[in-house]
Amino acid sequence: LPLPSGIGRNWPWASGGSSILAEFGTLHLEFIHLSHLSGNPVFAEKVMNIRKVLSRLDKPEGLYPNYLNPSSGQWGQHHVSIGGLGDSFYEYLLKAWLMSDKTDEEGKKMYYDAVQAIETHLIRKSSGGLTYIAEWKGGLLEHKMGHLTCFAGGMFALGADGAPSDKTGHHIELGAEIARTCHESYDRTSMKLGPEAFRFDGGVEAIATRQNEKYYILRPEVIETYMYMWRLTHDPKYRQWAWEAVEALEKRCRVDGGYSGIRDVYSNRESHDDVQQSFFLSETLKYLYLLFSDDDLLPFEHWVFNTEAHPFPVLHKEDGSKEEKQK
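Residues numbered from 1 in each chain as written. Predicted model: local features only at pLDDT ≥ 70, side-chain atom pairs only at ≥ 80, totals over all residues. Heavy atoms only, no water.

Some remarks on the overall build of the protein chain
- Per the secondary structure count, the protein chain includes 13 helices and 13 strands.
- Scaling as 2.2 N^0.38, a compact globule of 327 residues should have a C-alpha radius of gyration of about 20 Å, and the protein chain matches this with 20 Å.
- Projected onto the principal axes, the alpha-carbon positions of the protein chain cover approximately 65 × 50 × 45 Å.
- Burial status across the protein chain gives 51% buried among its 327 residues.
- The contacts of the protein chain with a sequence gap of at least 6 include a subset with a gap of at least 24, amounting to 62%.
- Of the roughly 15500 Å² of accessible surface on the protein chain, a fraction of 53% belongs to carbon and sulfur atoms. (Helix = DSSP H or I, 4+ residues; strand = E, 2+ residues; numbered from the N terminus. Rg over C-alpha atoms; globule rule 2.2 N^0.38 Å. Buried < 20%, exposed > 50% of the residue type's maximum accessible area, 1.4 Å probe, protein only. Contact = heavy atoms within 4.5 Å. Areas by Shrake-Rupley, 256 points an atom, 1.4 Å probe, with all protein chains shown as cover.)

Take a look at the structure:
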């Protein structure tokens, strides 16, 4: 047991003994907040050390692989994903900068450098004109985009304001394009809810082609992107798209005891998995609530949402100076 022994270990079947980028790279907000609350800098120092190691490591084409060997400090297999295994690392570079009241220059630089590499190597446009984020396997692209990857539209839009050399409009546009692709993945199903993953190959676009990718488990990422796009552009289509999702959730997922995931979003008959995931309440419903509320409910200038949609206060510069004076 890790607690009494102090020994942590991964399930070897999950990662071949490597640590997973989204796990060790997604501690910034919580640990910095913990240092802020406790007055003990050790928590923030731990996560900044992880970041320094990653910053110094050679990265294939500027991309961060999903696996890092904790013993050797070297990357495992060169798989890169902005969806599962990688997603929240990128989100936390940006959000650490935002939570620091835009003083964390290292987080900012690492984020925009990473986005540049993602744009160059992973973002592609289908023949039908849909922008998507592919997965990278040792230099080869797999033209598949996961539902989890759909959060990136909101991330690009949220990061637009600080984008280098006047690229603000470009980042908003990128967010809008990802939002549109993810909406298409919902719209092209019978249930009007998006599959776990969808592909852009063999003549299909934004459609799941494998049976084990056709499920929807009440995930929030597409709604999350609609919420950010609404807040940052106020284009009414985002509320319209979100309402389509609300109606589909009510019609297809609502059951006597709550809400259930669905095994096949392309079927005309619901086959429920009989599970209400915890993120349905913490994220899917919360982002919907924020989307249809006024902007001054948890405004972005004062709050940053962690990857499970818990609000963390922006640590404003003047707050820090007040505390210094009190010491």
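Structural notes on the pattern of salt bridges
- Per the counting criterion, the structure on display carries 20 salt bridges.
- When the shortest N-O distance is used, the salt bridge between Asp104 and Arg51 registers 2.7 Å. Of this pair, Asp104 sits in the loop between α6 (87-99) and α7 (105-121) while Arg51 sits in helix α5 (residues 42-56), and the two are 53 residues apart along the sequence. This pair shows no difference in class: Asp104 is buried, exactly as Arg51 is.
- Residue Arg219 pairs with Glu196 through a salt bridge whose shortest N-O separation is 2.9 Å. Placement of Arg219 in the loop between β9 (197-199) and α10 (221-233) and of Glu196 in the loop between α9 (168-187) and β9 is noted, with a sequence separation of 23 residues between them. The residues Arg219 and Glu196 share a single accessibility class, namely buried.
- One salt-bridge network, in which partners are shared between bridges, spans Lys137, Glu142, Lys144, Arg199 and Glu213. (Salt bridge = Lys/Arg side-chain N within 4 Å of Asp/Glu carboxyl O.)

Considerations on the nonpolar core
- One finds Leu54, Tyr64, Tyr90, Ile133, Met145, Phe156 and Leu193 to be the most contacted residues of the largest nonpolar core, which totals 90 residues.
- A per-element tally of this core places α6 first, with nine residues. (Core = buried A, V, L, I, M, F, W, Y, C linked by side-chain atoms within 4.5 Å.)

Section: the packing of aromatic side chains
- If you walk through the whole model with that rule in mind, you get 16 aromatic pairs.
- Aromatic pair Tyr111 and Tyr112: ring centres 4.9 Å apart, planes at 75°, arrangement edge-to-face.
- When its relative accessible area of 9% is taken as the criterion, Tyr112 is described as buried.
- Ring geometry for Tyr287 versus Phe305: centroids 6.1 Å apart, planes at 75°, classification edge-to-face. Of this pair, Tyr287 sits in helix α12 (residues 278-291) while Phe305 sits in strand β12 (residues 303-305), and the two are 18 residues apart along the sequence.
- These aromatic residues form a ring-pair network of at least three members: Tyr64, Trp75, Phe89 and Tyr90.
- Its end group placed over the ring of Phe300, Arg231 keeps NZ or CZ at 4.7 Å from the ring centre. (Phe/Tyr/Trp six-rings, centres within 6.5 Å; stacked < 30°, edge-to-face > 60°. Lys NZ or Arg CZ within 6 Å of the ring centre and 35° of its normal.)

Observations concerning the packing of helix α4 (residues 28-38) against α6
- Relative to each other, α4 and α6 sit at 30°, their axes nearing to 9 Å. With respect to their mutual orientation, α4 and α6 come out roughly parallel. Here His28, Leu29, Glu30, Ile32 and His33 of α4 come into contact with α6, specifically with Tyr92, Leu93, Lys95, Ala96 and Met99.
- Residues that form the contact of α4 with α6 fall into these classes: six nonpolar, two polar and two charged. (Axes fitted to C-alpha atoms, helices over the stretch in contact; angles between N-to-C directions. Parallel < 35°, antiparallel > 145°, perpendicular 65-115°, else oblique. Nonpolar A, V, L, I, M, F, W, Y, C, P; charged D, E, K, R; others polar.)

Observations regarding the sheet that holds strand β7 (residues 140-142)
- Strand order in the open sheet made by the three strands is β3-β6-β7, with antiparallel pairing throughout. In this open sheet, the two strands that pair with only one neighbour each are β3 (79-80) and β7.
- Pairing of β3 with strand β6 (residues 135-137), which is carried by two bridges, proceeds in the antiparallel orientation. Across the sheet, the residue bridging to Val80 is Trp136, located in β6. (Pairing = 2+ DSSP bridges.)

Some remarks on the UniProt feature "binding site: Ca(2+)" (unreviewed entry) in the protein chain
- Per the UniProt record, "binding site: Ca(2+)" (unreviewed entry) is found at Thr307.
- Relative to the elements of secondary structure, Thr307 occurs in the loop between β12 and β13 (311-313).
- Since its relative accessible area comes to 23%, Thr307 is described here as partly exposed.
- Setting aside residues up to four positions removed in sequence, Thr307 forms contacts with Thr26, Ser88, Glu91, Tyr92 and Glu283.
- A distance of 3.0 Å separates polar atoms of two side chains, one belonging to Thr307 and the other to Glu91. (UniProt positions renumbered as here; feature names shortened; annotations may be inferred. Polar contact = N/O pair within 3.5 Å; in protein donor to acceptor, adjacent residues only side chain to side chain.)

Thoughts on helix α8 (residues 151-158)
- Within α8, eight of the eight residues are buried, which leaves the element mostly enclosed by the surrounding structure.
- Among the residues of α8, Phe151, Ala152, Gly153, Gly154, Met155, Phe156, Ala157 and Leu158 are the ones counted as buried.
- Turning to α8, the residues buried within the fold contact α6, α7, β4 (123-125), β5 (131-133), α9 and α10.

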